[in-house]
Amino acid sequence: MGFPPRRCPGVRPSKAPLLLPFLLTALLVGSRGDGNAMDNVATERLAEESHRQDSANLLIFIMLLTLTILTIWLFKHRRFRFLHETGLAMIYGLLVGVILRFGIHVPQSMSDVTLSCAVNASPATLLVNVSGRFYEYTLKGEVSRSKGHQVQDDEMLRKVTFDPEVFFNILLPPIIFHAGYSLKRRHFFRNIGSILAYAFMGTVISCFVIGLIMYGFVSFMKVVGQLGGDFFFTDCLFFGAIVSATDPVTVLAIFNELKVDVDLYALLFGESVLNDAVAIVLSSSIVAYQPAGDNSHSFEAMALLKSFGIFLGVFSGSFALGVATGVMTALISFHFPLLETALFFLMSWSTFLLAEACGFTGVVAVLFCGITQAHYTFNNLSPESQDRTKQLFELLNFLAENFIFSYMGLTLFSFQSHVFNPLFIIGAFVAVFLGRAANIYPLSFLLNLGRKNKIGSNFQHVMMFAGLRGAMTFALSIRDTATYARQMMFSTTLLIVFFTVWICGGGTMPMLSFMSIPSAALDGSQRRNTKHESAWPFRIWYTFDHNYLKPLLTHSGPPLTATLPACCGPLARCLTSPQAYENEGQLHDDDSDFVMNDAGVGSMYADVTVSTDASGSRTVNPGRPSSGGGGPFDEGLDHELARAEHEVAIRGTRLVLPMDDPAEHPTTVTLPPPPSPPRSDPRRHRL
């Protein structure tokens, strides 16, 4: 028997027991919401701090470049030649690296750092469950136990360390493209045989000489217990390949300023341009060397032949891709300078990325793309676009190159995994010296057997001395630093670059004086008969290019209706543009960079020659048909082509500015002096 509940008058029954679950739920949700809000605020604060830190790091590099440019102006104003801008950028990078490494310390806060975690592997990405919320962490590298208390400082140094892919995909393409786009084709192709020998055979010889010498040093280091990890013969060959890439930017800048012998300049520049491409393909082939069996570092003939096939395939594929892209860009003719320049820039850069995406080498592709575009596409651009593209890539090359050299100095102190071994460093310097000698001297001896214009011993010594290492060597060495061997290679490569840029680059002027290297005098003292110096394959190629490819891809040269057989008349009229008919008989100024030895080609542009003598009067020489090779007209034409810097060609008329002997051409008609600049002005004038 129960008692009914009693109700007190004026008092309502309590509902607290019914509301308690809802209150608890609201409190839990509210606390979780507050926790999420606090986490979001903390995340936003960290993101803001990271953004400010990244901006400060980029500002450091901008200030480095600014300081380098200001110092370059001071050096040029004071005519200092003992240190090039690249060496100066490296010094500034070293100073900033010292300050960041030893002068700045981040306050240590180890409260949010977990020093132990039971994970059996080191995955690239790690998902961590924290109270039901998943966070993604990215692997940045191994931290030794002795540096556990320096996590904050190491994090700051990592901030100023760029991803190696930044060098290959952003900084390297403008440098390589500019080398091909600004190539002095006349002297380059005049020495094309020697340049190819130094670039291909010389680089391979240097690679194997350095690799064999370094393998001897590494074997000795194993015996004496100075080797802290694995280092195989393939690693030695890889090191030989990356340090065989020369970058004599310092020497070439001084050569250009002093106007040294043009053939010496062409040999050094051509070798440095092509051997970069050879070195990167050679290093990729060495990495691809995989013999069958468990021991991946043993010698096997089939694996060696496979690597050689990879070398040929990658190089030829990259070459074909670069040339094809360059020919495609020859269709650019919008007559809108901004659109032409933008499309030219994007297609040039995409050549590098397309080659890398297809498994080829972007360096080779973008190099030959630049050479092809300079030969064909440049003629189809408007004058404004021609100037813009030249200045754009010249600026990008200057900034990228100085940025890389500044970063080299900074990396000496910001890189976290340096391995400096004295025996390996000594062996590397000896091997680089002997490898360069084995490249230059034997090949020069063999080349001189077939050259009429011999490569003198003083030229050989300068080429030996000018084998500087630079951006390509650094980019190849920093691309992979995961193993002990690669880390030691990278650290040693930095020292080699520093030494060659500072010592060899700074000693260029004394070396030129000691070797009595002549300057390219403007008075014609170094004129050579280009007819005997140009190789016959190049003369055949030039005739084919001038008569068929140039008219097809550009608006210059003779129209196809004048060069193709009569049976191909309809096709020739279809493929010939109206501009080609307008430009018929006109020799473009860019074509004077080539060595034209074919009398039939030269006679097209020899209708009338107007010569200006020292007194200001002009003589007109009617063109004469060629009577075959070796005649007086051929000799005069070769002589004029050898001094293309003093000529400008206009429609059917050649204007020759003052030279040494005003009486070297027969006078037929004398005209009154024109209202032109002073007679002593040796510059070219475009009409």
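Our structure is the block above this text.
Owing to the predicted nature of the structure, the values given are computational and were not obtained by experimental measurement.

Conventions adopted
Residues numbered from 1 in each chain as written. Predicted model: local features only at pLDDT ≥ 70, side-chain atom pairs only at ≥ 80, totals over all residues. Heavy atoms only, no water. Helix = DSSP H or I, 4+ residues; strand = E, 2+ residues; numbered from the N terminus. Buried < 20%, exposed > 50% of the residue type's maximum accessible area, 1.4 Å probe, protein only. Contact = heavy atoms within 4.5 Å. Areas by Shrake-Rupley, 256 points an atom, 1.4 Å probe, with all protein chains shown as cover. Salt bridge = Lys/Arg side-chain N within 4 Å of Asp/Glu carboxyl O. Core = buried A, V, L, I, M, F, W, Y, C linked by side-chain atoms within 4.5 Å. Pairing = 2+ DSSP bridges. Polar contact = N/O pair within 3.5 Å; in protein donor to acceptor, adjacent residues only side chain to side chain. Axes fitted to C-alpha atoms, helices over the stretch in contact; angles between N-to-C directions. Parallel < 35°, antiparallel > 145°, perpendicular 65-115°, else oblique. Nonpolar A, V, L, I, M, F, W, Y, C, P; charged D, E, K, R; others polar. Left-handed = near helix turned anticlockwise from the far one by under 90°. Expected span 1.5 Å × (residues − 1). Phe/Tyr/Trp six-rings, centres within 6.5 Å; stacked < 30°, edge-to-face > 60°. Lys NZ or Arg CZ within 6 Å of the ring centre and 35° of its normal. Patch = residues over 30% accessible without salt bridge, like charges linked within 9 Å, V, L, I, M, F, W, Y side chains within 5 Å.

Engineer: Which residues make up the overall build of the protein chain, and what are the values?
Structural biologist: Within the protein chain one finds 25 helices and seven strands. Expressed as a percentage of its 687 residues, the buried residues of the protein chain come to 46%. Of the contacts formed within the protein chain by residues at least 6 apart in sequence, a portion of 78% connects residues at least 24 apart. Summing over all exposed atoms, the protein chain offers an accessible surface of approximately 35400 Å²; the carbon and sulfur share of this is 65%.

Engineer: Describe the environment of Val287, with residues and values.
Structural biologist: For Val287, the location among the structural elements is in helix 9 (residues 262-287). When sequence neighbours within four positions are dropped, the list of residues in contact with Val287 reads Phe238 and Arg486.

Engineer: Give me the lowdown on the pattern of salt bridges, citing residues and values where you can.
Structural biologist: For the coordinates displayed, the defined rule picks out six salt bridges. Ionic pairing is found between Asp263 and Arg190, a salt bridge with its closest N-O pair at 2.7 Å. One end of the pair, Asp263, is in helix 9; the other, Arg190, is in helix 5 (residues 185-190), with 73 residues separating them in the sequence. Accessibility assignment for this pair places Asp263 and Arg190 in one class, buried. In this structure, Glu271 engages Arg436 in a salt bridge whose closest nitrogen and oxygen atoms are separated by 2.7 Å. Taken as a pair, Glu271 in helix 9 and Arg436 in helix 14 (residues 422-448) lie far apart in primary sequence, 165 residues in all. It is possible to trace a salt-bridge network through shared partners that takes in Glu165, Glu356 and Arg479.

Engineer: Hey, could you go over the nonpolar core for me, with residue numbers and the actual values?
Structural biologist: The biggest cluster of nonpolar side chains holds 128 residues, and the ones touching the most others in it are Phe231, Phe239, Phe255 and Phe474. The greatest single-element share of this core, amounting to 13 residues, is contributed by helix 9. Discounting residues that sit within four places of it in the chain, Phe255 has contacts with Val260, Leu264, Tyr265, Leu268, Val462, Thr508 and Leu512.

Engineer: Give me the lowdown on the pairing of strand 1 (residues 125-130), citing residues and values where you can.
Structural biologist: Two faces make up the sheet, and in a regular strand the side chains alternate between them. Bridge analysis of strand 1 against strand 2 (residues 133-138) gives six bridges, and the strand direction is antiparallel. Following the sheet pairing, Val128 is matched in strand 2 by Tyr135. Between the end of strand 1 and the start of strand 2, which pair antiparallel, lie two residues, with Ser131 showing a positive phi angle near 55 degrees.

Engineer: How would you sum up the side chain of Ser491? Please name residues and give values.
Structural biologist: Mapped onto the elements, Ser491 comes out in helix 17 (residues 484-506). Overall, Ser491 belongs to the buried group, its relative accessible area being 0%. A polar contact of 2.8 Å, which involves the side chain of Ser491, links it to the side chain of His418. A polar side-chain atom of Ser491 sits 3.1 Å from the main-chain carbonyl oxygen of Gln487. In contact with Ser491, other than residues within four places in its own chain, are His418, Val419 and Phe420.

Engineer: Now, about the packing of helix 7 (residues 233-242) against helix 9: what can you tell me, with residues and values included?
Structural biologist: Each pair of packed helices can be described by the angle between their axes along with the distance between the axes. Helix 9 packs onto helix 7 with a crossing angle of 170 degrees between their chain directions and a minimal axis gap of 8 Å. Put simply, helix 7 runs roughly antiparallel to helix 9. In contact with Thr234, Leu237, Phe238, Ala241 and Ile242 of helix 7, helix 9 contributes Ala279, Leu282, Ser283, Ile286 and Val287. For the contact of helix 7 with helix 9, the class distribution of residues is eight nonpolar, two polar and no charged.

Engineer: Let's hear about helix 16 (residues 471-478): which residues, and what values?
Structural biologist: When you tally the buried positions in helix 16, you get eight out of eight residues, the bulk of the element. Residues of helix 16 that are buried include every one of Ala471, Met472, Thr473, Phe474, Ala475, Leu476, Ser477 and Ile478, and no others. On the buried face of helix 16, the contacting elements are helix 4 (164-181), helix 7, helix 9, helix 12 (362-380), helix 13 (383-414) and helix 17.

Engineer: Explain the packing of helix 15 (residues 457-465) against helix 18 (residues 508-515) residue by residue, including any values.
Structural biologist: Where helix 15 contacts helix 18, the two axes come as close as 10 Å, and the packing angle between them is 165 degrees. As judged from the angle between their axes, helix 15 and helix 18 are roughly antiparallel. The two elements helix 15 and helix 18 cross, and the hand of that crossing is right-handed. Of the residues in helix 18, those in contact with Asn458, His461, Val462 and Phe465 of helix 15 are Thr508, Met511, Leu512 and Met515. Residue classes in the contact of helix 15 with helix 18 are distributed as five nonpolar, three polar and no charged.

Engineer: Any details on helix 2 (residues 85-103)? Residues and values, ideally.
Structural biologist: Between its first and last C-alpha, helix 2 extends 26 Å over 19 residues, near the 27 Å set by a 1.5 Å rise per residue. Among the residues of helix 2, those classed as buried are Glu85, Thr86, Gly87, Leu88, Ala89, Met90, Tyr92, Gly93, Leu94, Val96, Gly97 and Leu100.

Engineer: Go over unusual backbone geometry with me, naming the residues and quoting the values.
Structural biologist: Most peptide bonds take the trans configuration, and most residues that are not glycine carry a negative phi. In this structure, Ser516 is a non-glycine residue whose phi angle is positive, near 55 degrees. Relative to the helices and strands, Ser516 is located in the loop between helix 18 and helix 19 (530-533).

Engineer: So what about the packing of aromatic side chains? Which residues, and what values?
Structural biologist: The tally for this structure, following the rule as stated, stands at 27 aromatic pairs. Here the aromatic rings of Phe188 and Phe189 are separated by 5.2 Å at their centres, their planes lie at 90 degrees, and the arrangement is edge-to-face. Phe189 matches Phe188 in its accessibility class, with the two residues each being buried. Their ring planes at 70 degrees and their centres at 5.4 Å tell us that Phe345 and Trp349 sit as a pair that is edge-to-face. One end of the pair, Phe345, and the other, Trp349, are both in helix 11 (residues 337-357), four residues apart, so they sit about a helical turn from each other. An aromatic cluster is present here, built from Phe177, Tyr181, Phe344, Phe345, Trp349, Phe378 and Phe393 joined pairwise through their rings. Against the face of Phe168 rests Arg479, its NZ or CZ located 3.8 Å from the ring centre. Sitting over the ring of Phe238, Arg486 keeps its end group 4.0 Å from the ring centre.

Engineer: Residue-level account of the environment of Leu227, with values.
Structural biologist: Tracing the chain through its elements places Leu227 in the loop between helix 6 (192-223) and helix 7. When the C-alpha positions of Leu227 and Ala485 are compared, they lie 9.6 Å apart, and in sequence the two are 258 residues distant. When near neighbours in sequence (up to four residues on either side) are disregarded, Leu227 contacts Val218, Met221, Lys222, Tyr484 and Met488.

Engineer: So what about a nonpolar patch on the surface? Which residues, and what values?
Structural biologist: A cluster of nonpolar side chains, namely Ile426, Val430, Phe433 and Leu434, defines an oily patch on the protein surface of about 370 Å² accessible area. Relative to the elements of secondary structure, Ile426 occurs in helix 14.

Engineer: Got a sec to walk through the side chain of Asn191? Specific residues and values, please.
Structural biologist: Tracing the sequence through the fold places Asn191 in the loop between helix 5 and helix 6. Residue classification places Asn191 among the buried positions, given a relative accessible area of 2%. Of the polar contacts made by the side chain of Asn191, one reaches the side chain of Asp263; its length is 3.2 Å. If we ignore the near neighbours within four places in the chain, the residues touching Asn191 are Asp263, Ala266, Leu267 and Arg451.

Engineer: Pulling in residues and values, what's your account of the environment of Val501?
Structural biologist: As for its placement among the helices and strands, Val501 is situated in helix 17. A sequence separation of 35 residues divides Val501 from Ala466, and the C-alpha atoms of the two residues are 9.4 Å apart.

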